[in-house]
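If you want the building blocks of each chain, they are given just below.
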Amino acid sequence: MIHWCLKQLGQLTSKNKLSILIYHQVVAEKDPMRPSEPDAAEFRWQMQLIRDYFNPLPLAEAVTMLKQGQLPANSVCVTFDDGYLNNLTVAQPILQELGIPATVYVATGFSHGCNMWNDRLIDLIGNQQITEFNLAALDLPVAKVSDWASRRELAYSLIPKIKYQDYQQRSTIIDQLYADNQTSEAKPKMMTPEQVKQLSELGIEIGAHTVDHPILKSQTLAEQTRQISESKQTLESWINKPVTGFAYPNGKPDNDYTSEAVVAVAAAGFDYGVSTQWGISTPQAKWCELNRFTPWDKSHLKFHLRLVKNKLGL
Ligand SMILES: [Zn+2]
């Protein structure tokens, strides 16, 4: 009954207000080092709720309708960042079964077997063979861990120390951490070009997310332009379709990208761009900076309420 009432509230209040959800991974089974990533069961009820009480649309189509002021009430788009293989193996079958369109933004530089620096760090600290980590690469003393909670605490405390370094420097630090702790890499987590093509052929929109996932703000204008346009061209060559959407890595305006990147996205020929600024988008939105948000609620009602609150701008 509450869900039905919330749907009616949305019908009355949310015309021309677009909610875009951000996901990254949908894991087959819960990962103790990544508790916020939904597993298949959690993702399934979230998508069922969207199917039953909202109006899921392909993002490119929703953007066109929003530009015309014709976006229906309760419209929601589902997006995934980075290009994880489990988007194809775990999420896509659920999306297909429930008839929910989605967009996956791929950072093309990780499609040949190398994991992203943050995953490499989390996997290193999650390696149960090691209980004392040599952190000399970060000028930090040896850190001891015991249970999963202490491993998570260590991993997530190190991420901010590396995130805003240059992207080549980030890889160098992680390489050094692996060498100092004599650990081998976890298996590849990202889609290969063939798997990206497969996902595209299954009807998922493929968008660009740069080549190396740098913080664009920390790059020269020439490098920002290269990262933005090269990822578009590479993806188009893989899927044989135009790539019209772009997601900014990390995605917070001013912190992670500036107007330089926004101009470069428009100049590269994208129809729209998405940030990670929380909120909805209206017909007055900046098309190269649409808002999104991450639904992390573990209860059905809280998840539903968050979607409605977002529409109401609360
Ligand atoms: Zn990303």
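*Asks:* Any chance you could break down the overall build of the protein for me, citing the residues and the numbers?
*Replies:* A tally of helices and strands in the protein yields 11 helices and nine strands. Taken against the 2.2 N^0.38 rule, which gives 20 Å for 314 residues, the C-alpha radius of gyration of the protein at 20 Å falls within 12% of a compact globule. Projected onto the principal axes, the alpha-carbon positions of the protein cover approximately 60 × 45 × 35 Å. With 314 residues in all, the protein has 41% of them scored as buried. For the protein, the proportion of contacts with a sequence separation of at least 24, taken over those separated by at least 6, is 72%.

*Asks:* Can you lay out the domain arrangement of the protein for me, pointing to particular residues and giving the numbers?
*Replies:* Under the domain assignment, the protein is made up of domain 1 (2-112 + 190-312) and domain 2 (117-180). The C-alpha-based centres of domain 1 and domain 2 are spaced at 28 Å. Counting residues at the interface gives eight residues for domain 1 and nine residues for domain 2. Across the side of domain 1 that touches domain 2, the residue classes break down as four nonpolar, two polar and two charged.

*Asks:* Before we move on, could you go through the nonpolar core and cite the residues and values that matter?
*Replies:* Within the largest apolar cluster, 72 residues are counted, with the highest numbers of intra-cluster contacts made by C77 and V106. At five residues, helix α5 (residues 117-125) tops the list of elements feeding residues into this core. Domain assignment of the residues forming this core places at least three in each of domain 1 (2-112 + 190-312) and domain 2 (117-180). Sequence-distant contacts of V106, defined by excluding residues within four places in its chain, comprise G83, S111, M191, V196, I206, A208, H209 and L235.

*Asks:* Explain the pairing of strand β3 (residues 75-82) to me, and be specific about the residues and the numbers.
*Replies:* Within β3, eight of the eight residues are buried, which leaves the element mostly enclosed by the surrounding structure. As paired strands, strand β1 (residues 19-23) and β3 are joined by five bridges and run parallel to one another. Of the residues in β3, the one forming a bridge with L21 is V78. The sheet contact formed by strand β2 (residues 55-56) and β3 spans two bridges and is parallel. The partner of P56 across the bridge, within β3, is V76. Crossover connection from β2 via helix α3 (residues 59-67) to parallel β3: handedness right-handed. Where β3 meets strand β4 (residues 102-106), five bridges bridge the pair, whose relative direction is parallel. If you follow F80 over to β4, its bridge partner there is V104. On the question of chirality, the crossover connecting β3 to the parallel β4 by way of helix α4 (residues 85-98) is right-handed.

*Asks:* Just give me the short version of the pairing of β4, but keep the residues and values in it.
*Replies:* The buried count for β4 comes to five of five residues, which makes it a mostly enclosed element. Burial along β4 is two-sided: A102, V104 and V106 and T103 and Y105, pointing in opposite directions, are all buried. Relative to strand β7 (residues 205-208), β4 runs parallel, the two being bridged by four bridges. Across the sheet, V106 pairs through a bridge with A208, a residue of β7.

*Asks:* For unusual backbone geometry, give the residues involved together with the corresponding values.
*Replies:* What is expected of a backbone is that most residues other than glycine have negative phi and most peptide bonds are trans. Here N250, not a glycine, exhibits a phi torsion of approximately 70°, which is positive. Mapping N250 onto the fold places it in the loop between β8 (245-247) and α10 (259-267). The class for N250 is partly exposed, based on 18 C-beta atoms found within 10 Å. Backbone geometry at D254 places phi at a positive 75°, although glycine is not the residue there. Mapped onto the elements of the fold, D254 is located in the loop between β8 and α10.

*Asks:* Can you break down the packing of helix α2 (residues 40-53) against α4 residue by residue, with the values?
*Replies:* One way to put it is that α2 packs onto α4 with a least axis distance of 10 Å and a crossing angle of 30°. Considering the angle they form, α2 stands roughly parallel to α4. Pair α2 / α4 crosses with right-handed handedness. Within the contact between the two elements, α2 uses A40, F43, R44, M47, Q48 and R51 and α4 uses V90, A91, I94, L95 and L98. Across the contact of α2 with α4, the residue classes break down as eight nonpolar, one polar and two charged.

What counts, and where the lines are drawn
All residue numbers here refer to positions counted from 1 along the written sequence of the relevant chain. Where local features are concerned, this predicted model is filtered to residues with pLDDT of at least 70; where side-chain atom pairs are given and counted, the filter is 80 or more; whole-chain, interface and lining totals use all residues. Only DSSP runs of H or I with at least four residues qualify as helices, and only runs of E with at least two residues qualify as strands; both kinds are numbered from the N terminus onward. In this description the radius of gyration comes from C-alpha coordinates, and the expected globular size is given by 2.2 Å times residues to the power 0.38. Working definition of burial: number of other C-beta atoms within 10 Å of the residue's own, with buried at 20 or more, exposed at 12 or fewer, and partly exposed in between, all C-beta atoms being placed from the backbone. Any pair of residues counts as being in contact when their C-beta atoms, constructed from backbone geometry, are within 7 Å of one another. Those domain boundaries reflect an automatic or database domain assignment. Think of it as three bins: nonpolar holds Ala, Val, Leu, Ile, Met, Phe, Trp, Tyr, Cys and Pro, charged holds Asp, Glu, Lys and Arg, and polar takes everything else, Gly as well. Each nonpolar core reported here comprises buried Ala, Val, Leu, Ile, Met, Phe, Trp, Tyr and Cys residues connected via C-beta atoms within 7 Å. Note on pairing: two strands pair once DSSP finds at least 2 bridges between them. Convention used here: a crossover is right-handed provided that the path from the first strand, over the helix, to the second strand proceeds clockwise when the strands point away from the viewer. The convention used is that axes are lines fitted to C-alpha atoms, helices contributing only their stretch in contact, and that angles between N-to-C directions extend from 0 to 180 degrees. Convention used here: angles under 35 degrees read as roughly parallel, angles over 145 as roughly antiparallel, angles from 65 to 115 as roughly perpendicular, and any remaining angle as oblique. Left-handed describes a crossing whose near helix is turned anticlockwise from the far helix through less than a right angle; right-handed describes the clockwise counterpart.

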